[in-house]
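Remarks on the overall topology
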Amino acid sequence: MTVKDKNAARYREAMSRVAMPVHVVTTDGPGGRHGATATAVASVTDSPPTLLVCLNRASTIHTRVTENAVLAVNVLSGDQEAVARAFARSSGGREDDRFATGEWRVLATGAPTLIDAVAVFDGRVIEAREIGSHTILIVELDAVDASDDHRDGLLYHRRGYRRDEAAVTATPAA
């Protein structure tokens, strides 16, 4: 085992201890429709509304997003673990039934969006940069939607799905 391999294993173990919101990233267009579960999503700025999304270059979702140049980020609620699991499995590049789980619509770009997601971010890839095994995508948003209810979010923590119970009971700081 090399030092880099050992550090990679330690990095993965350390990151498993960080609770991350669970998203389903989707796309549709000339490259085809696809979706995958992801945690590597972050806000960049609100002017213009922009997200950062990291995708593994070996994945089917990466290939399809690259060809379509659009994607939607669907933020899952604590009661949507079945959706997360459906989109977490490998398709091997084949069409499958993952979109049979949940109800879907399109907003601005044509990428599928989950009707009852906690929030949906729909946009165009405006920049991409390869780092190691992944590509960092900068996505300028064309549409944003958020649910009116107060459902807790779904988290991925210690290699398992968890409900974000603390978000329901937390009191905002003054």
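Here is a short report on the structure shown in this document. Note that the coordinates shown come from a computational prediction; the quantities given were computed from them, not determined experimentally. (Residues numbered from 1 in each chain as written. Predicted model: local features only at pLDDT ≥ 70, side-chain atom pairs only at ≥ 80, totals over all residues. Heavy atoms only, no water.)

The next thing to look at is the overall build of the protein chain. Across its full length, the protein chain carries four helices and 12 strands. For the protein chain, buried positions account for 38% of its 174 residues. Sequence-distant contacts in the protein chain: of pairs separated by 6 or more residues, those separated by 24 or more amount to 64%. Of the roughly 9,800 Å² of accessible surface on the protein chain, a fraction of 52% belongs to carbon and sulfur atoms. (Helix = DSSP H or I, 4+ residues; strand = E, 2+ residues; numbered from the N terminus. Buried < 20%, exposed > 50% of the residue type's maximum accessible area, 1.4 Å probe, protein only. Contact = heavy atoms within 4.5 Å. Areas by Shrake-Rupley, 256 points an atom, 1.4 Å probe, with all protein chains shown as cover.)

For the rest of this paragraph, the subject is the sheet that holds strand S3 (residues 34-38). On the basis of which strands lie adjacent, the open sheet formed by seven strands has the order S3-S2-S6-S9-S10-S5-S4 and antiparallel pairing. Unpaired on one side and paired on the other, S3 and strand S4 (41-46) mark the two borders of the sheet. This sheet shows a mean twist of 30 degrees between the axes of neighbouring strands, independent of strand direction. Running over the sheet, helix H2 (residues 60-68) touches strand S2 (23-27), S3, strand S5 (49-56), strand S6 (70-75), strand S9 (119-131) and strand S10 (134-146) and is turned about 45 degrees from S2. Helix H3 (residues 81-88) contacts S2 and S3 of the sheet and is inclined by roughly 115 degrees relative to S3. (Pairing = 2+ DSSP bridges. Axes fitted to C-alpha atoms, helices over the stretch in contact; angles between N-to-C directions.)

On to H2, then. Turn by turn, an α-helix covers 3.6 residues, leaving residues three or four places apart pointing in a common direction. Looking at H2, one finds that the buried residues are Thr-60, Ile-61, His-62, Arg-64, Val-65 and Asn-68. In this fold, the buried residues of H2 make contact with S2, S3, S5, S6, S9 and S10. Just beyond H2, the residue with positive phi is Ala-69, at close to 60 degrees.

Across the sheet, which stays open at both edges, the three strands sit in the order S1-S11-S12 with antiparallel pairing between neighbours. Strands with a single pairing partner mark the edges of an open sheet, and in this sheet they are strand S1 (20-21) and strand S12 (160-163). Taken together, the two bridges between S1 and strand S11 (residues 154-157) define a ladder with antiparallel strand orientation. From the neighbouring strand, Met-20 faces S11, where its bridge partner is Tyr-156. Strands S11 and S12 of the sheet are contacted by H3, whose axis makes an angle of about 155 degrees with S12.

Within the structure shown, the criterion is met by 11 salt bridges. The partner of Asp-145 in a salt bridge is Arg-105, with the nearest N and O atoms 2.4 Å apart. With Asp-145 in strand S10 and Arg-105 in strand S7 (residues 104-106), the pair connects residues that are 40 residues apart, well separated along the chain. The class for Asp-145 is partly exposed, based on a relative accessible area of 29%. (Salt bridge = Lys/Arg side-chain N within 4 Å of Asp/Glu carboxyl O.)

Another aspect to go through is the packing of aromatic side chains. On inspection of all chains with the given rule, the structure shows four aromatic pairs. Arranged with centres 5.1 Å apart and planes meeting at 85 degrees, the rings of Phe-87 and Phe-99 form a pair that is edge-to-face. Pair noted here: Phe-87 is in helix H3 and Phe-99 is in the loop between H3 and S7, with a separation of 12 residues, a long-range link. Exposure remark for Phe-87: the relative accessible area of 1% places this residue in the buried category. Through pairs of rings, three or more aromatic residues link up here, namely Phe-87, Phe-99 and Trp-104. Its end group placed over the ring of Phe-99, Arg-33 keeps NZ or CZ at 4.0 Å from the ring centre. (Phe/Tyr/Trp six-rings, centres within 6.5 Å; stacked < 30°, edge-to-face > 60°. Lys NZ or Arg CZ within 6 Å of the ring centre and 35° of its normal.)

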